[in-house]
Amino acid sequence: MVLQTQFAQIRDRSLYIDDVDAMDLVKKYGTPLYVMSEGHIRHQLNELKTKFLDKYDHVLPLFASKSFSCLEIYRITSEFGIGIDCVSAGEISIALKAGFDPHKIYFHGNNKLPSEIDYAIAHDVDHFVIDNFYEIELVEKYAKKYDKTIYATVRVVPEIKAGGHGYIQTGHKDTKFGFSARNGIYLKAIQQIVDSAHIEFEGIHCHIGSQVFDLYAYISAMHRFVRFAYEIYDQLGVMVKVINAGGGYGIAYTKKDEPLEFETITSEIMNIIKDGYDKRGWDMPMVLVEPGRYVVGNAGITLYTVGSVKDIPDVRTYMSVDGGMTDNIRTALYDAQYDGIIVNKAYERRDTKVTVAGKICESADIVVKEIMLPYPEPGDIFAQFSTGAYHYSMSSNYNQLPKPAVVFTYQGKSKLVIRRQTFDDLIAFDVQEDYQ
Ligand SMILES: Cc1ncc(COP(=O)(O)O)c(C=O)c1O
Ligand SMILES: N[C@@H](CCCC[NH3+])C(=O)O
């Protein structure tokens, strides 16, 4: 068992997160509970700042906020002078409410709705990662409506297969994201943008996939993107002034995972672009990166209370907890692997092969597929590690389960950041209307 953050430790017969005893958090806030180490989040954001933003001229790291979105994370992110990637008007609205600078919001998405484009432009969001031809028309229409200029990067498919699971690969040829480079499709898109009165073409965007451990995939993608920049200049006479190299940086969930160092990836990206631009005698373009999981993934620990325990002779022990696929869909969806402990048995031998199940009416409702734990009993507290990315943000109310609270810990203290949903929240959208 490995805790993937220096901000949590097993000591004094318990689990401490930012020096806060997990058992005290359970007493104070109940379970299931998402605990996020602000210490870890700040450490990771500081890596983006010191090892990228401050290290190079003319770069901007973005935090991909789909991985974990709430007022507090946007407030903390803005302290580091970096930008964010948002994928809906909902995310943008929360970021703006948190006081995030709209000019540092980059709007992504493969089907941005007219209403979302209108909302974003009305609220001064002016960086769009353009995904398709319909979007070009819409952005031009709403930019004209507000008489504003939108700065566009064009998402181009690199045709590279990378990422932890088929569902989180985005850069291969058969994808719903971005413009294909086949038959010059992306060149037509760029020409259309250049011809648009209210959109300024700035550059190109690449995202190969998520939970990527393969440095070569980043290297190949960047070589391809330098060739795209040459082609755009040679065919259209247009300079690529911005390259967004995307995110996807893998983190360790279990000791089998071997993540790349942030600086290993970014220095490869910078070197390849620099070499490519130098060869043409061009100035270095602005370079963006946009990791999400890297910032928040290992910051999260979910605390659950154990309920029923079932031994199936010669098979395994099922331990059910008070949440499930509603607060952690990743195990069912991506076959994701996790580590964890029984907090109140932190010093006992892990001699039982356990499957941690949820309380949802689905056989796929598994929290951790297989883990060695001390023999569990009702009332034990199970801590699942590395749940900071794509857990709260992908949670649901299936089986009418209220969403858990989110608590941040920092320097020996805790604070509630998102309150636990109540039954009233569950009926909040019901209306009692007669047929008309
Ligand atoms: C365009 C884009 N950028 C950034 C990310 C962030 O990915 P990750 O959280 O793996 O860094 C994603 C999600 O995969 C994405 O689709
Ligand atoms: N939701 C995915 C990551 C994909 C992010 C969006 N492109 C995960 O949990 O791993």
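Residues numbered from 1 in each chain as written. Chains lettered and ligands numbered in written order. Predicted model: local features only at pLDDT ≥ 70, side-chain atom pairs only at ≥ 80, totals over all residues. Heavy atoms only, no water.

Colleague: Help me understand the site of ligand 1, please; the structure alone is not making it clear to me.
Modeller: Taken together, 17 residues are adjacent to ligand 1, and S210, G248, E290, R293 and Y390 come closest. Between ligand 1 and the protein, one listed contact pairs an oxygen atom with a side-chain N or O atom of K66 at 3.4 Å. The separation between an oxygen atom of ligand 1 and a polar main-chain atom of G292 is 2.9 Å. Summarising the interface, the protein chains cover 94% of the accessible area of ligand 1, which totals 390 Å² for the free molecule. For the shell around ligand 1, the per-class residue count stands at 4 nonpolar, 8 polar and 5 charged. (Near = heavy atom within 4 Å. Polar contact = N/O pair within 3.5 Å; in protein donor to acceptor, adjacent residues only side chain to side chain. Areas by Shrake-Rupley, 256 points an atom, 1.4 Å probe, with all protein chains shown as cover. Nonpolar A, V, L, I, M, F, W, Y, C, P; charged D, E, K, R; others polar.)

Colleague: When you look at the pairing of strand β4 (residues 33-37) in this model, what are you seeing that I'm missing?
Modeller: For a regular strand, the rule is simple: side chains alternate between the two faces of the sheet. By the criterion of burial, β4 is predominantly enclosed, with 5 of the 5 residues buried. Here β4 shows a buried face lined by L33, V35 and S37 and a second buried face lined by Y34 and M36. Two strands pair when backbone bridges link them, and β4 and strand β19 (residues 405-410) are joined in this way by 5 bridges, in the parallel orientation. What sits directly across from Y34, in β19, is V406. (Buried < 20%, exposed > 50% of the residue type's maximum accessible area, 1.4 Å probe, protein only. Helix = DSSP H or I, 4+ residues; strand = E, 2+ residues; numbered from the N terminus. Pairing = 2+ DSSP bridges.)

Colleague: Could you clarify how one ought to interpret the packing of aromatic side chains in this entry?
Modeller: Geometry of an aromatic ring pair is reported as the spacing of the ring centres plus the angle between the planes. Tallying each qualifying case throughout the model produces 18 aromatic pairs. The interplanar angle of 65° and the centroid separation of 5.7 Å between the aromatic rings of F52 and Y56 together place this pair among those described as edge-to-face. Counting every residue linked through ring pairs, the aromatic cluster contains F52, Y56, Y218, Y249, F262 and Y294. Its end group placed over the ring of Y16, R11 keeps NZ or CZ at 4.1 Å from the ring centre. For the cation-ring pair, R280 lies above Y230, with the distance from its terminal atom to the ring centre recorded as 4.2 Å. (Phe/Tyr/Trp six-rings, centres within 6.5 Å; stacked < 30°, edge-to-face > 60°. Lys NZ or Arg CZ within 6 Å of the ring centre and 35° of its normal.)

Colleague: For this particular structure, what's the right way to read the site of ligand 2?
Modeller: Near ligand 2 you find K66, I168, S210, R293, R330, Y334, Y390 and M394, and these make up its full shell. Here R330 contributes a side-chain N or O atom positioned 2.5 Å from an oxygen atom of ligand 2. Measuring from a nitrogen atom of ligand 2, one finds a side-chain N or O atom of Y334 at 2.8 Å. For ligand 2, the protein covers 84% of the area, taking 310 Å² as the surface of the free molecule. Because more than half of its atoms lie within 2 Å of the grid, ligand 2 is assigned to the largest pocket. The class makeup of the residues in the shell around ligand 2 is 4 nonpolar, 1 polar and 3 charged. (1 Å grid on protein atoms, 1.4 Å probe; cavity = no way out; pocket = protein on both sides within 12 Å on 5 of 7 lines; lining within 4 Å. Sits in = over half its atoms within 2 Å of the grid points.)

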